[in-house]
Amino acid sequence: MTLEEQCQQGITMMRDLAVRQKVALAKQLRDQLLPEHNPEQHYLLAKQLRDQLLELGHPINKGDAALLRCVPEIVEDAENGLPDFYREALYHQYQQLRDLLAHAEALEQRFKEAVRQDPVCRRLSALEGVGPVGAMLLKLALSQPGHFNNARQAAACVGVTPVQHSSGGKEKLGSISKLAGDKKLRSVLFEGALAVIRSLDKREAKTIKEQWLKQLIHRRGKKVTAIALANKTVRTAYAMLKKNTDYQPALLAG
């Protein structure tokens, strides 16, 4: 791996950590202020918090913006009966979340700039359902295409190839393994593929690949189609990097 690729991998990891920290802190703040909590997810925590949450009774709309707007209002409301020690702790968490959001946003901008400046990432971004994160992860996963014998091996390494089962001399393709492969890249490609599929529901196919996707959705459903598209995306990316070519989708005639 080159120094540039090591740096790209580093900023990808920094971005992921910032996002996880932001989500965790936002969830903790929101859980403390919501009047209800789902006992099936974290039963012990929910049971401990339920009484004080019901007493607080401060429901907050979804989204970071609503959370950042409401917490100072709750802290500054002298009529809600919150003790000073709780107000101080709550405001401290609010400041942490605000700083973390700013940090995450700054990293997101630097990450996108790194993708824009990288010619390989720009080419990979032309693939259906591949955004900045997917482009960077694809580049890093396939940076040495010579390590794979063929495109199928590259797709298997990522984990978007169905598991094969042999019985009575016959081979059958099953579902993909969720334990093997690059879990982060597979998840990003799957979500990107689902976005493509949702978009296709609202319009006619413009390319041969989109026509294939519509037919596959009709036969196998959206989730199977999303995995099939993720598989094809990895294979196409492998071919692009190996042959140093750009992606040009084949348009439907007429």
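Source: prediction; values computed, not measured. (Residues numbered from 1 in each chain as written. Predicted model: local features only at pLDDT ≥ 70, side-chain atom pairs only at ≥ 80, totals over all residues. Heavy atoms only, no water.)

Here we take up the overall build of the chain. Of regular secondary structure, the chain possesses 10 helices and two strands. When its helices and strands are written in sequence order, the chain yields α-α-α-α-α-α-α-β-β-α-α-α. Taking all 254 residues of the chain together, the buried fraction comes to 40%. The contacts of the chain with a sequence gap of at least 6 include a subset with a gap of at least 24, amounting to 57%. If you sum the accessible surface of the chain, you get close to 15,400 Å²; carbon and sulfur atoms cover 53% of it. (Helix = DSSP H or I, 4+ residues; strand = E, 2+ residues; numbered from the N terminus. Buried < 20%, exposed > 50% of the residue type's maximum accessible area, 1.4 Å probe, protein only. Contact = heavy atoms within 4.5 Å. Areas by Shrake-Rupley, 256 points an atom, 1.4 Å probe, with all protein chains shown as cover.)

Structurally, valine 133 can be placed in helix α6 (residues 132–141). Considered as a pair, valine 133 and arginine 15 are 118 residues apart in the sequence and their alpha carbons are 9.8 Å apart.

Moving on to helix α3 (residues 64–76). When the terminal C-alpha atoms of α3 are compared, their 19 Å separation across 13 residues agrees well with the 18 Å that a helix rising 1.5 Å per residue should span. If you check which residues of α3 are buried, you get Ala66, Leu67, Cys70, Val71, Pro72, Ile74 and Val75. (Expected span 1.5 Å × (residues − 1).)

So, on to the side chain of glutamate 128. If you trace the backbone, glutamate 128 turns up in the loop between α5 (119–124) and α6. Judged by its relative accessible area of 15%, glutamate 128 falls in the buried class. Polar contacts involving the side chain of glutamate 128 include one to the side chain of lysine 209, which spans 3.1 Å. A polar atom in the side chain of glutamate 128 sits 2.6 Å from the side chain of tyrosine 247. (Polar contact = N/O pair within 3.5 Å; in protein donor to acceptor, adjacent residues only side chain to side chain.)

In this section: the side chain of threonine 161. Relative to the assigned elements, threonine 161 resides in the loop between α7 (151–158) and β1 (164–167). Residue threonine 161 is classed as buried on the basis of its relative accessible area, which comes to 10%. Looking at threonine 161, its side chain comes within polar contact range of the main-chain nitrogen of alanine 156, at 3.2 Å.

Positioned with a positive phi, asparagine 244 is a non-glycine residue whose angle comes to about 55°. In this fold, asparagine 244 is placed in the segment after α10 (222–243).

Before going further, it helps to spend a moment on the nonpolar core. In globular proteins that are soluble, nonpolar side chains generally tend to be buried together. In this structure, Leu124, Leu127, Met136, Leu138, Leu142, Leu189 and Val234 are the most contacted members of the largest nonpolar core, which totals 35 residues. Mapped onto this core, the elements with two or more residues apiece are α1 (3–33), α4 (84–117), α5, α6, α7, α8 (183–200) and α10. Not counting residues up to four positions away in its chain, the partners in contact with valine 234 are Leu138, Leu142, Ala154, Ala155, Val158, Val160 and Leu189. (Core = buried A, V, L, I, M, F, W, Y, C linked by side-chain atoms within 4.5 Å.)

Next up on the list: the packing of aromatic side chains. For the structure on display, the rule yields one aromatic pair. Centre to centre, the rings of phenylalanine 148 and tyrosine 238 are 6.3 Å apart; their planes meet at 80°, and the pair counts as edge-to-face. Of this pair, phenylalanine 148 sits in the loop between α6 and α7 while tyrosine 238 sits in helix α10, and the two are 90 residues apart along the sequence. Residue placement shows lysine 232 over the ring face of tryptophan 212; its charged tip is 4.7 Å from the ring centre. (Phe/Tyr/Trp six-rings, centres within 6.5 Å; stacked < 30°, edge-to-face > 60°. Lys NZ or Arg CZ within 6 Å of the ring centre and 35° of its normal.)

Before going further, it helps to examine the pattern of salt bridges. The full count for this structure, using the stated rule, is seven salt bridges. Between aspartate 246 and arginine 123 there is a salt bridge, with the nearest N and O atoms lying 3.2 Å from each other. Residue aspartate 246 is found in the segment after α10, and its partner arginine 123 is found in helix α5; the two are separated by 123 residues along the sequence. Under the relative-accessibility criterion, arginine 123 is labelled buried at 17%. Between lysine 222 and aspartate 201 there is a salt bridge, with its nearest N and O atoms 2.7 Å apart. Placement of the pair is lysine 222 in helix α10 and aspartate 201 in the loop between α8 and α9 (208–220), with a sequence separation of 21 residues. The class for lysine 222 is partly exposed, based on a relative accessible area of 40%. For aspartate 201, a relative accessible area of 45% corresponds to the partly exposed category. (Salt bridge = Lys/Arg side-chain N within 4 Å of Asp/Glu carboxyl O.)

It is worth spelling out the environment of arginine 235 at this point. Of note, arginine 235 is situated in helix α10. For the pair formed by arginine 235 and asparagine 150, sequence separation is 85 residues and the distance between their alpha carbons is 8.6 Å. Beyond its immediate sequence surroundings of up to four residues, arginine 235 is in contact with Ala151, Arg152 and Ala155.

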